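# Examination of the molecular architecture
The primary structure of each chain is shown beneath.
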Amino acid sequence: LARFAGNFVRNFSPEWGFIPELAVAAIIFRSRIRLLGKFMKFLYLDKKDRVIAWFTPQHSLLAASVLAVFLALPIWHDSIAGKFMLESPRVAVVRAHVPGVVEDITVHEGEQVSAGQTLGILQNLPLTSGYEGARAQLVLASERAKEASRQYKDFGAAMKEKEQQTARVQQFSEMDQALKIASPIDGTVVTPRVQDFSGVYLNSGQELLEVADLSALRARIYVPEHEMYKLQPGARARLQVDGFLRKWAANTTAIGARPVEMPGGLSGNNGLNGVSPLHFYLVDLEVANQDSELRPGMTGMARIYGGRRSLAGLGWEWTSNFWGRKLW
């Protein structure tokens, strides 16, 4: 009921909606508030004489010193929490450079591969026939060039033909080598059911599978603009991945330069009319994955840690921000 009253007033004045919300809550809990007041009054009257007797000038000075030191100690650790989804910062999409039928897939989903390792073999009979024919034509051109050099007759034309056939063989050789699809990076095959591509015809440029480097993963979280002052470049963070008890250490690697709106699936719908949607900044965290326990797509909560502050500074900041935002 108190929240409803606050939301109703926020439709007209978002800055002052908290006043009716607190007023309705005070009316609802007025009996318990009175009971608490009576208890505090009884406790005060019962202990007043003993407390006053204890607070001698020496004790008062000692208590004030201890309180001042406690309020000045930087015991409060600023932090920012947000949801995340893990993704690989380095993903290579392996495509067919020449058209052909997938003759064989030499890897499986989740298998570790190295750069240059063959992932699949394509079959293209016209290309293979053209390559063999070009090699035969190169042999004939080489023989004619040798014969022309011995007879000193049409040597220039023979050498030109040989050069043309050499370039043609080189072109067919590169295309023939492209029938073996290799991994461009070290990583893990993340395409599901990759063996199902056997026998499928691929056009030039068509995607076959994806290889992702899972040695380090990236977690992207949305930080609201009013908490950006807590964030520092290179700040350390901790990730709590859903389904795991342990936490992973992470570091801040990038901070978005422009504000964005959080997708509805992550932020939910607050149902407030008249309140402008919050802007968020994307922050990238990098987490080491040497034991390969983490996988892209896993979700959880991340907490980025900022500097430490004292309780006195925190109270002053809260008070100044409150009055500055409401009365400026």
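Scroll up for the structure.
First, a word on what this report is: a plain description of the structure on this page. Small disclaimer: the values here were computed from a predicted structure and weren't measured.

Cut-offs applied
- Residues numbered from 1 in each chain as written.
- Predicted model: local features only at pLDDT ≥ 70, side-chain atom pairs only at ≥ 80, totals over all residues.
- Heavy atoms only, no water.
- Helix = DSSP H or I, 4+ residues; strand = E, 2+ residues; numbered from the N terminus.
- Rg over C-alpha atoms; globule rule 2.2 N^0.38 Å.
- Buried < 20%, exposed > 50% of the residue type's maximum accessible area, 1.4 Å probe, protein only.
- Contact = heavy atoms within 4.5 Å.
- Areas by Shrake-Rupley, 256 points an atom, 1.4 Å probe, with all protein chains shown as cover.
- Lys, Arg positive; Asp, Glu negative; His and termini not counted.
- Charge placed at Lys NZ, Arg CZ, Asp CG, Glu CD.
- Pairing = 2+ DSSP bridges.
- Phe/Tyr/Trp six-rings, centres within 6.5 Å; stacked < 30°, edge-to-face > 60°.
- Lys NZ or Arg CZ within 6 Å of the ring centre and 35° of its normal.
- Core = buried A, V, L, I, M, F, W, Y, C linked by side-chain atoms within 4.5 Å.
- Polar contact = N/O pair within 3.5 Å; in protein donor to acceptor, adjacent residues only side chain to side chain.
- Axes fitted to C-alpha atoms, helices over the stretch in contact; angles between N-to-C directions.
- Salt bridge = Lys/Arg side-chain N within 4 Å of Asp/Glu carboxyl O.

With that settled, the discussion passes to the overall build of the chain. Counting secondary structure elements, the chain contains 8 helices and 14 strands. The globule rule puts the C-alpha radius of gyration for 328 residues at 20 Å, and the 36 Å found for the chain is more than 25% above it. By residue count, 28% of the 328 residues in the chain fall in the buried class. Considering only contacts in the chain between residues 6 or more positions apart, those separated by 24 or more positions represent 78%. Surface summary for the chain: the accessible area is close to 21500 Å², and the carbon and sulfur share equals 59%. If you average the places of the 37 positive and of the 32 negative side-chain charges in the chain, the two averages end up 14 Å apart.

Within a sheet, neighbouring strands are paired by backbone hydrogen bonds and run either parallel or antiparallel to one another. Pairing within the open sheet is antiparallel, and its 4 strands lie in the order β6-β5-β3-β8. Here the strands that pair on one side only, and so sit at the sheet edges, are β6 (180-182) and β8 (201-202). Pairing between strand β3 (residues 100-105) and strand β5 (residues 118-123): 4 bridges, direction antiparallel. By the bridge assignment, V101 is partnered in β5 with Q123.

With that settled, the discussion passes to the packing of aromatic side chains. If you walk through the whole model with that rule in mind, you get 2 aromatic pairs. Summarising the aromatic geometry, the rings of W54 and F55 are spaced 5.0 Å apart at their centres and angled 90° between planes, so their arrangement reads as edge-to-face. Taking the relative accessible area as the measure of exposure, W54 reaches 44% and is therefore partly exposed. Under the relative-accessibility criterion, F55 is labelled partly exposed at 41%. Above the plane of the ring of Y305 lies R236, whose end atom (NZ or CZ) is 4.8 Å from the centre.

Before going further, it helps to examine the nonpolar core. Within the largest apolar cluster, 26 residues are counted, with the highest numbers of intra-cluster contacts made by V107, L119, L122, L208, L209 and V211. Of all the elements in the fold, those that place two or more residues in this core are β2 (91-95), β3, β5, α5 (125-151), α6 (155-177) and β9 (207-212). Counting residues per element, this core draws most heavily on α5, which supplies 4 residues. Once you skip the residues sitting within four places of it in the chain, L208 turns out to touch V94, R95, V102, I105, I181, T191, F197 and L202. In terms of nonpolar packing, the next biggest core, distinct from the first, is built from 24 residues, L217, M228, A250 and V283 among them.

This next bit is on the side chain of T188. Inspection of the secondary structure assignment puts T188 in strand β7 (residues 187-189). In terms of polar contacts, T188 uses its side chain to reach the side chain of Q112, at 3.0 Å. Leave out the neighbours within four places in its chain, and T188 touches G110, E111, Q112, E210, V211, A212 and L214.

Quick look at the pairing of strand β13 (residues 280-288) now. Here β13 lies mainly inside the structure; 7 of its 9 residues are buried. Taken together, the 9 bridges between strand β10 (residues 216-224) and β13 define a ladder with antiparallel strand orientation. The partner of I221 across the bridge, within β13, is V283. Bridge count between strand β12 (residues 248-255) and β13: 5 bridges; the pairing is antiparallel. Counterpart to A250 in the pairing with β13 is V287.

The subject of this paragraph is the sheet that holds strand β1 (residues 76-87). Taken together, the 6 strands give a closed barrel; going around it, the order is β1-β10-β13-β12-β11-β14, and neighbouring strands pair in antiparallel fashion. If you compare each strand with its neighbour and ignore which way they point, the axes differ by 40° on average. In this structure, strand β11 (residues 236-241) lies alongside strand β14 (residues 299-309), joined through 5 bridges in antiparallel fashion. Residue pairing in the sheet places V241 in a bridge with G300 of β14.

Looking now at the pattern of salt bridges. For the structure shown, the criterion picks out 9 salt bridges. With a shortest N-O distance of 3.7 Å, D196 and R193 are connected by a salt bridge. Look at R193 and you get exposed, because its relative accessible area is 60%. Taken together, the shared-partner salt bridges in this structure form one network comprising D78, R309 and E317.

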